[in-house]
Every structure is written in structure tokens, then in C-alpha cells.
Amino acid sequence: EEGVEFKACARCLENRVTPAACAAYCSKSCQKLAWPEHKQWHALQTRTTKSLEQHYTERDTDFAQAVTSLDDEYDKLIGQAMQATLDCDFKTAQKLAKRAIKLKPELAQAYFISGSAHEASNEPTTAAAAFMQAVDRCTFGTPTWAGGVAAVHNCFYHGDCKISLPNWMQNAVEFKRYADEAVAATPNSSAVQRMRARAYAHQKPAPAGWYLDSLDVSDLRQALKSITLAAELEYNTEDQKRDQFDACQIGEALWRKLGSCLIPQPYKWYDFSPGRWVQISGLKSDAGKCLNGKIGKVLDPPNEHGRLPVQIDQQRDGKMVKPACLSPVKRDDMVQILRLSARGEKRTAHSMESRAKMCDGSSVWYEEISMPRKHSIFYRSSPKGNSPVMALCGFPVIVQQTHSHSHSPLEERADFDCQLATFLMVEPVSGLAPTKWATRVGPVLVYRPDGTDLTASDLDLLILWMSDLMGQYGDPEFSYQMRCNAAVFERFCDSLR
């Protein structure tokens, strides 16, 4: 009404939302009526902001600080815009990115920052346009290009975009090709895996939705594989729940195509989804009988015959097994172990690893893994473990070398370093590790031979104990018999509680 004074939402002003997206109310009652819906919008913006903040903080903080001090004006603007994004000052980031684009319109970086800032300000149309400009300036098939393609896709699927879909999203075959190339470039991105799932599931932007029942088994398999990976890689809880819901829809459609009767009673199809642990039984062929009773992990969705690839004893390839010969391992029968990364293994913004600190300040990157208690790694192990020092201390552990991640090949000698694994395998008398554990160690699994949990707290304890112990081997009066025993180790543990 004319003459009515509209007041802006206080939270919008606090979060520096752009005027175009800022809510305004004519009265308290108006605000009260509109608040439930507007509150949901703020929740969405907060999730987006946290996602962007983690994305940029892990990848670009050091770069932003470094380029801000450079002489080149474009680099200065890029650094300032990135810092503004880190500070959640998206309006300033937009202005700085715009100035950088005017200076060097042929470069992609400013378009990426502009798109991220507009997306965080709930302006999907402007964000999508900026990301499309960035993609046009990237080399096809590179990680940067893949991130841009996924960002464009995300704007159209989760925002009310007022511009036309890019050509590659309008054509189903071309959409799959782009998605496959993007996954090849950045396999550990939840956004890229999610885009590939939608490409193969022929999902259209809202409100059109899924067309699952019209798809063939091959496309459904690929869609389920990617959406399952997206859910595993996603660190945002709400997005992860959405991915898990989508995986259920795609999985149900796939098993409807294959025939639900293939699933043994009383189990459901999701009991045999990728990543689930299963026990093999009932195989009758001469080659199959030796697998009965073994524990394995389902690697991928079923093939066109309804058979599942099951990885046994950490082999890279899986054995194709009918669901009728499998039974899922119960959660109560799972044990927690730890995977320690090698120095050269690359981490991304979507990495599931955590970090602990050695006493010298170096990092120990690790991942918590659930393993069936009946897995062969436990019953093949010595009760005393294979760490000589920890066996003397009454806290036996097994240290076992494992494969590096497929996206992170180790090349240089230093890439294979895993300092804590080397410490755990030293000989008590000399304080030196055998050659196998001194060089080219690579990533390792660490676990208790008795099948009990090895937790992150246990890892902190091992780091402190081994760091303290290794520091004493230079003392001429040091005696390993006086130090490496259960009583001393127990007192050490008590001192930390």
C-alpha cells in the first residue's frame, strides 16, 4: 500500500543478503505469517554458505592470502574476492569479481567466484550464467571444468533459473558424456557424482523429476552407482539424506526391472547395495565351494543377470554372486578399524578423512572404517599383533599395508611415507624398523587382532606413546625393557586421562 513503510528482515541484513533477495515486511503480523517459509530459506542459505566456506577454506585460503599481495591487479582482485567469499561477504565478492572480469574477461576464475557468490545469495539465474561463462573458458575434461559443469547443473536443479538449459543438458546422450568426463576428472566430488546419477536416471530439473520406469537396467546401474558414491562423499547432512532417498528410488526401480524375486527373504534390495558387507553361502560349484563362509563387500549394483560383484579379502576385482547366496552382515557384528594415509595421497574438499597431529607437528591423516568381525584379517592374525613394541606394552595391534586410492597414485619415494606405521613396526632393541616398514610403506590398516574397536582416541594414544618412546632412543641410558612393558604403558595412559 502507498505510504506503508517496509522493514527489512534483520537476519537478512545481518547476513548481508543482496537487496534483491532481502525480505521486507509491512508489519509484525506480516512478518509472523511469512516467517515459517522465510526461515526455511535462511536454513537453505546457511547450508549453502557452510558448504562454500568449507570448499574454499580447504582449497584456497592460502592462495587468497598470497595473491592479495601481488602486483598484478587481476590477481589482487581475485585474492580479495576469494577472501570476501571466505568472510561470507558475498556482495563484496560479486563486485570484486565483476571488476576482475572487466580486466581479463578471457579467464575463468573470476566467473567461478562470481557464480559462487551469487549462488550463496540465492540468485540461481545469475549464478548459472556466471558458471556457464566459466565452463566455456576451461579446457574440456580438466578438474576445473568438471567443477564448473557440476556447478551449472546444481543451479538448474536446485534453483529457479530463468535462463535456458545449456545444450549439453538438453541432449541426453551429450549429458551422459559430460557427466562421464567430469567423473573421470574428479571422481571424489559428491556434486559431480550426483550430476552423473541424474544424467543416467534422465532426471529433469524440478518439478519434472524422475523417469525411472522407462530406463533400461544399464542406465539404472550407472545411476545407482553414482548416487551411492555421492551420498558417501557428501559432508552436508541434508544433501546426504536427499542422496540416500534418491538412491532408494533408483535402487527400487532397478530391482523391479531385474525381478524382486531374486532377493532372498526376508532381506530387501538395499541390504545388498554397494558398500554393504555380506557373507557367502550355498555355492555348489567346485570353484564356488571354497568361497562359502567368506566375508566380502558389494562393489557395484547388480549386472543385467542380477548378480552382484563381491570383493573378497581386499582383492581389487569382485566375484559375481547371486543374491540368493548372500546374507548381509549385521551392524552388531561390525568392528571399527583405522586406515592411515600415506604422505602423498591427495585429499579433496569431499575427503572423508580426519587429521591427528604428531608431536613434531606433522599430520597423520586417517579414516575410520567398519569391518566385519568375522573378516579374514582377524582370524589370520596373531593374538600378539605384529607391532613388536605394542605387543610388549600389552596393547597388540596389527599394521597391514593396503592399496592407495585409485584417484591418488603414489609416484615419488616420499609419497609412500607413513611415519606412525614405521614407528609402530620398530624393533624394541634398536629403535629401527625393518626395510619393508622404513621405506615405501604406503597407506596402512591398523586394527586390534582380537576384533575389538580401534578408535580415534586410541590413535591419539598411540601417537603420543610412540612419539615419546622414539625420542628416548638417543639417550645412552635408555633401556627398552624398562620402558616397553605393560605397567609403564598403563601408567602413561592414566597420566593422559
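Everything numeric here is computed off the predicted structure, so don't read it as measured data.

Rules behind the numbers
Residues numbered from 1 in each chain as written. Predicted model: local features only at pLDDT ≥ 70, side-chain atom pairs only at ≥ 80, totals over all residues. Heavy atoms only, no water. pLDDT = per-residue confidence, 0-100. Helix = DSSP H or I, 4+ residues; strand = E, 2+ residues; numbered from the N terminus. Contact = heavy atoms within 4.5 Å. Axes fitted to C-alpha atoms, helices over the stretch in contact; angles between N-to-C directions. Parallel < 35°, antiparallel > 145°, perpendicular 65-115°, else oblique. Left-handed = near helix turned anticlockwise from the far one by under 90°. Nonpolar A, V, L, I, M, F, W, Y, C, P; charged D, E, K, R; others polar. Buried < 20%, exposed > 50% of the residue type's maximum accessible area, 1.4 Å probe, protein only. Phe/Tyr/Trp six-rings, centres within 6.5 Å; stacked < 30°, edge-to-face > 60°.

Participant: Whenever I open this one, the confidence of the model for the protein confuses me. Can you help?
Facilitator: The predicted coordinates of low-pLDDT regions are not to be read in fine detail. With 85% of its residues at a pLDDT of 70 or more, the protein has an overall mean of 83. Looking across the protein, the model is least confident in helix H2 (residues 28-67), with a mean pLDDT of 57, and most confident in strand E12 (residues 444-447), with 96. For the stretch residues 50-70, pLDDT sits under 50, and the model shows 36 contacts to residues farther than four places along the chain or on other chains.

Participant: Can you help me understand the packing of helix H9 (residues 172-185) against helix H10 (residues 190-200) in this one?
Facilitator: Between two packed helices, both the angle of their axes relative to each other and the distance between the axes serve to describe the pair. Where H9 meets H10, the axes come as close as 9 Å, and the angle between the chain directions of the two elements is 155°. Between H9 and H10, the angle is such that the two are roughly antiparallel. Note that H9 runs across H10; the crossing there is left-handed. Residue-level inspection shows Phe175, Lys176, Ala179, Asp180, Ala182 and Val183 of H9 in contact with H10, the latter providing Val192, Gln193, Met195, Arg196, Ala199 and Tyr200. Each residue belonging to the contact of H9 with H10 can be placed in one class, and the counts come to eight nonpolar, one polar and three charged.

Participant: Would you mind going over unusual backbone geometry with me for this structure?
Facilitator: Among all residues except glycine, the phi angle is most often negative; among peptide bonds, the trans geometry is most common. Of note, the amide linkage connecting Gln265 to Pro266 takes the cis form, showing an omega dihedral of 5°. Within the element layout of this structure, Pro266 appears in the loop between helix H12 (237-258) and strand E3 (277-280). Positioned with a positive phi, Arg440 is a non-glycine residue whose angle comes to about 50°. Judged by relative accessible area, which is 45%, Arg440 ranks as partly exposed.

Participant: I tried to follow the packing of aromatic side chains on my own but got confused; where do I start?
Facilitator: Any pair of aromatic rings gets described here by the distance separating the centres and the angle formed by the planes. Summed over the entire model, instances satisfying the criterion amount to 12 aromatic pairs. Relative to Tyr178, the ring of Phe140 has its centre 5.4 Å away and its plane inclined at 80°; by these criteria the two rings are edge-to-face. On the criterion of sequence distance, the pair formed by Phe140 in the loop between helix H6 (124-136) and helix H7 (143-158) and Tyr178 in helix H9 is long-range, its members being 38 residues apart. Given a relative accessible area of 36%, Phe140 falls into the partly exposed group. Among the residues examined, Tyr178 registers a relative accessible area of 15% and is labelled buried. Relative to Tyr447, the ring of Phe378 lies with its centre 5.4 Å away and its plane at 80°, an arrangement referred to as edge-to-face. Taken together, the residues Phe378 in helix H14 (residues 376-379) and Tyr447 in strand E12 connect sequence positions 69 residues apart. For Phe378, a relative accessible area of 7% gives the class buried.

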